[in-house]
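Okay, here's what each chain looks like letter by letter:
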Amino acid sequence: SSNTTFSTSEGTHILNLFVNDSVSNLNNTSVDFRVDTTSPQVSLIYPTNTFYSSIQTQLNYSASDTNLQSCWYSTDSGTINNSIICGTNVTGLSSSEGSNTWTIYANDTLGNENGSSVTFTQDTTNPNATLLTPINNTYSNSSSNNFTSNLTDNLGIKNSTLTIYNSSDEIVNQTSTNYISGVIQYT
């Protein structure tokens, strides 16, 4: 028995072994083998890292490798390590309100594995705005008034705009605020 170590590069190789004895009897054998230390290329294409105002139902991706064997995906809304045929996009999913992280994985026949993830936010609920003051159908004896509102949303308010119209539907004043949640006073 003999043991020899060689260094080989990526790709397919053929190993030939020739042996002879002292009376010139000759024999040979060969094997094909592949060296693959490269993980599959995996890219999650959709959904993207953004905000969505609707439920996301599909996961689109690409996966490639010279020895691609299997693909699977996980979502944080209940689907964990679900096997799929490589190259087939996933439909029929259901994202959750708030933050979602979806991941696609692939491996090759030699066990090299890779994955790609995306985190996105789903917000399907409208913000709530309530004018606290002035009270509807009330009168004021001043031309300078304060207006108060209560603004709420599951994921926070991005901005709000208060517009005052006169009886002819003309804008007489308008003010905006950015990234505010809770009770707002406009003066």
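Note that the structure is predicted; figures quoted are calculated from it, not measured.

Some details on the nonpolar core
Step number 1: Counting residues in hydrophobic clusters, the biggest one holds 15 residues, and the most contacted among them are Leu 59, Tyr 73, Ile 84 and Ile 104.
Step number 2: Taken together, the elements giving at least two residues each to this core come down to strand E3 (41-46), strand E6 (68-75), strand E8 (98-108) and strand E9 (113-122).
Step number 3: In terms of residue count, E8 provides more of this core than any other element does, three residues in total.

Observations regarding the state of the cysteines
Step number 1: Tallied over the entire structure, the rule returns one disulfide.
Step number 2: With a sulfur-sulfur separation of 2.1 Å, Cys 71 is cross-linked through a disulfide to Cys 86. Between Cys 71 and Cys 86, the disulfide has an S-S torsion of 110° and is therefore right-handed. Residue Cys 71 is located in strand E6, and its partner Cys 86 is located in the loop between strand E7 (82-84) and E8; the two are separated by 15 residues in the primary sequence.

Points about a nonpolar patch on the surface
Step number 1: A contiguous nonpolar patch, built from Leu 15, Val 31 and Phe 33 and spanning about 240 Å² of accessible area, is present on the exposed surface.
Step number 2: Counting through the fold element by element, Leu 15 comes out in strand E1 (residues 11-20).
Step number 3: Residue Leu 15 is classed as partly exposed on the basis of its relative accessible area, which comes to 44%.

Remarks on the layout of surface pockets
Step number 1: Approximately 260 Å³ is the volume found for the second largest pocket.
Step number 2: Lining the second largest pocket we find 14 residues, and of these Leu 131, Phe 147, Leu 162, Thr 163 and Ile 164 sit closest to its centre.
Step number 3: Listing elements by their share of the lining of the second largest pocket, those giving two or more residues are strand E10 (128-133), strand E11 (147-152) and strand E12 (159-165).
Step number 4: When residues in the lining of the second largest pocket are grouped by element, the largest group, six residues, is from E12.

Structural notes on the sheet that holds strand E4 (residues 51-52)
Step number 1: The strand order across the open sheet built from five strands is E4-E9-E8-E6-E7, with neighbouring strands paired in mixed fashion. Every other strand in the sheet has two partners, leaving E4 and E7 as the edge strands with one partner each.
Step number 2: Bridge count between E4 and E9: two bridges; the pairing is parallel. Residue pairing in the sheet places Tyr 52 in a bridge with Gln 122 of E9.

Calculation notes
Counting restarts for each chain: residues are numbered from 1 in the order of the written sequence. Only residues with pLDDT of 70 or above have their local features reported here, since the model is predicted, and side-chain atom pairs are shown and tallied only from 80 upward, although totals for entire chains, interfaces and linings are computed over all residues. Derived side-chain values reflect all non-hydrogen atoms in the structure, with water molecules and hydrogen atoms excluded from consideration. Only buried residues count toward a nonpolar core, which is a set of Ala, Val, Leu, Ile, Met, Phe, Trp, Tyr and Cys residues joined through side-chain atoms within 4.5 Å. A simple rule labels every residue: compare its accessible area, found with a 1.4 Å probe on the protein chains alone, to the largest value its type can have, and call it buried under 20%, exposed over 50%, or partly exposed in between. Helical segments are the DSSP runs of H or I of at least four residues, strand segments are the runs of E of at least two, and each set is numbered from the N terminus. Note on disulfides: each one is a pair of cysteine sulfur atoms within 2.5 Å. Note on patches: the residues involved have over 30% relative accessible area and no salt bridge, like charges join within 9 Å, and the nonpolar side chains Val, Leu, Ile, Met, Phe, Trp and Tyr join within 5 Å. Values of accessible area rely on a 1.4 Å probe in the Shrake-Rupley scheme; residue burial ignores everything except the protein chains shown. By definition here, a salt bridge exists when the distance from a side-chain nitrogen of Lys or Arg to a carboxyl oxygen of Asp or Glu is within 4 Å. With a 1 Å grid spanning the protein atoms alone, the term cavity applies to any set of points in which a 1.4 Å probe fits but cannot get out, the term pocket to an open set with protein on both sides within 12 Å along at least five of seven lines, and the term lining residue to any residue with an atom within 4 Å of a point. Grid points are joined across faces, edges and corners, and a volume is the space filled by probe spheres set on the points. The pairing criterion is simple: DSSP has to find at least two bridges between the two strands.

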